[in-house]
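Listed here are the chains, written in short residue letters.
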Amino acid sequence: MNWDWLQRNAGTIGSLLGQHAVLAVVPVLVALAVSLPLGFLVFRSGRAANAVLAVLGVIYSIPSLALFVALPLLLGTKILNPVNVAVALTIYSVALLVRSVVDGLRSVPESVLQSAEAVGFGWFRRLVRVELPLAMPVVFAGLRVVTVSNIALVTVAVLVASGGLGQLFLRGYHSIFYTPLVAGLVLTVLLALVADAVILLVQRGTLPWARARRA
């Protein structure tokens with residue numbers, strides 16, 4: 001490791017780290033807002049739900065680099081536009097989070113739903129007060145997977161000239177200089193660990209009943 005190089009380029013590395021975090025996290029937040037209502041609709045679709053989830057699974061299996069390259073043709077954007085990366089990561093995030101929402105809603109015991117109906121809850125009140133709170137541990141688990149996955153995928157986006165820590169990988173690869181490679185790898189892993197820990201803390205703070213049930 002060349003510590004002098006790291007010290008000289010600390011500002012650039014910090015900027016790349018910030019870009020990486022934004023490119024990874026913003027699509028997750030957008031996907032979460034989309035996936036909650038969409039997942040409920042898929043859940044309520046009955047037998048069609050499995051078919052929709054299968055289609056989403058196929059979408060998630062599309063190689064990320066192929067999607068990064070294809071999106072400019074679909075969106076009419078330039079291939080170097082970071083919007084392509086954000087849209088691609090949002091698509092991947094929705095594909096995973098919708099399944100998490102559906103699985104979470106399916107995990108709510110039927111006896112709990114019947115009790116909610118017995119005390120006069122309508123479908124919307126039951127959804128907000130009973131189903132979603134009980135489904136959220138599964139949703140948070142999916143959210144953690146999606147966030148860590150996005151942080152990894154942003155490094156691939158460097159091949160279409162996106163920002164982020166992947167720039168360090170390219171710099172180290174082209175110059176056969178391992179310090180940027182190691183720095184990029186360590187920071188990517190640390191960013192993933194920090195993001196996962198933050199989501200876990202938010203989950204524990206907002207779902208105290210889940211902690212009580214585990215205990």
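Scroll up to find the structure.
Residues numbered from 1 in each chain as written. Predicted model: local features only at pLDDT ≥ 70, side-chain atom pairs only at ≥ 80, totals over all residues. Heavy atoms only, no water.

Caption draft 1: Highlighting the packing of helix α3 (residues 48-60) against helix α5 (residues 82-106). Following both chains from N to C, one finds α3 and α5 inclined at 150°, their axes separated by 9 Å at the closest point. As far as their axial angle goes, α5 and α3 are roughly antiparallel. Crossing angle aside, the handedness with which α3 passes α5 is left-handed. Where α3 approaches α5, its residues Ala49, Asn50, Leu53, Ala54, Leu56, Ile59 and Tyr60 are matched on the opposing element by Ile91, Tyr92, Ala95, Leu96, Val98, Arg99, Val102 and Arg106. Of the residues that constitute the contact of α3 with α5, the class distribution is 12 nonpolar, 1 polar and 2 charged. (Axes fitted to C-alpha atoms, helices over the stretch in contact; angles between N-to-C directions. Helix = DSSP H or I, 4+ residues; strand = E, 2+ residues; numbered from the N terminus. Parallel < 35°, antiparallel > 145°, perpendicular 65-115°, else oblique. Left-handed = near helix turned anticlockwise from the far one by under 90°. Contact = heavy atoms within 4.5 Å. Nonpolar A, V, L, I, M, F, W, Y, C, P; charged D, E, K, R; others polar.)

Caption draft 2: Looking closely at the side chain of serine 64. With respect to the helices, strands and loops of the structure, serine 64 is situated in helix α4 (residues 64-75). Owing to a relative accessible area of 13%, serine 64 belongs among the buried residues under this scheme. In this view, serine 64 contacts Tyr92, Leu153 and Val156; residues no more than four positions away in its chain are not counted. (Buried < 20%, exposed > 50% of the residue type's maximum accessible area, 1.4 Å probe, protein only.)

Caption draft 3: The arrangement of the pattern of salt bridges in detail. Applying the stated rule across the entire model yields 3 salt bridges. Glutamate 131 is the salt-bridge partner of arginine 126, the closest N and O atoms lying 3.2 Å from each other. Like arginine 126, the residue glutamate 131 is buried in the burial classification. One connected set of salt bridges, linked through shared partners, spans Glu117, Arg126 and Glu131. (Salt bridge = Lys/Arg side-chain N within 4 Å of Asp/Glu carboxyl O.)

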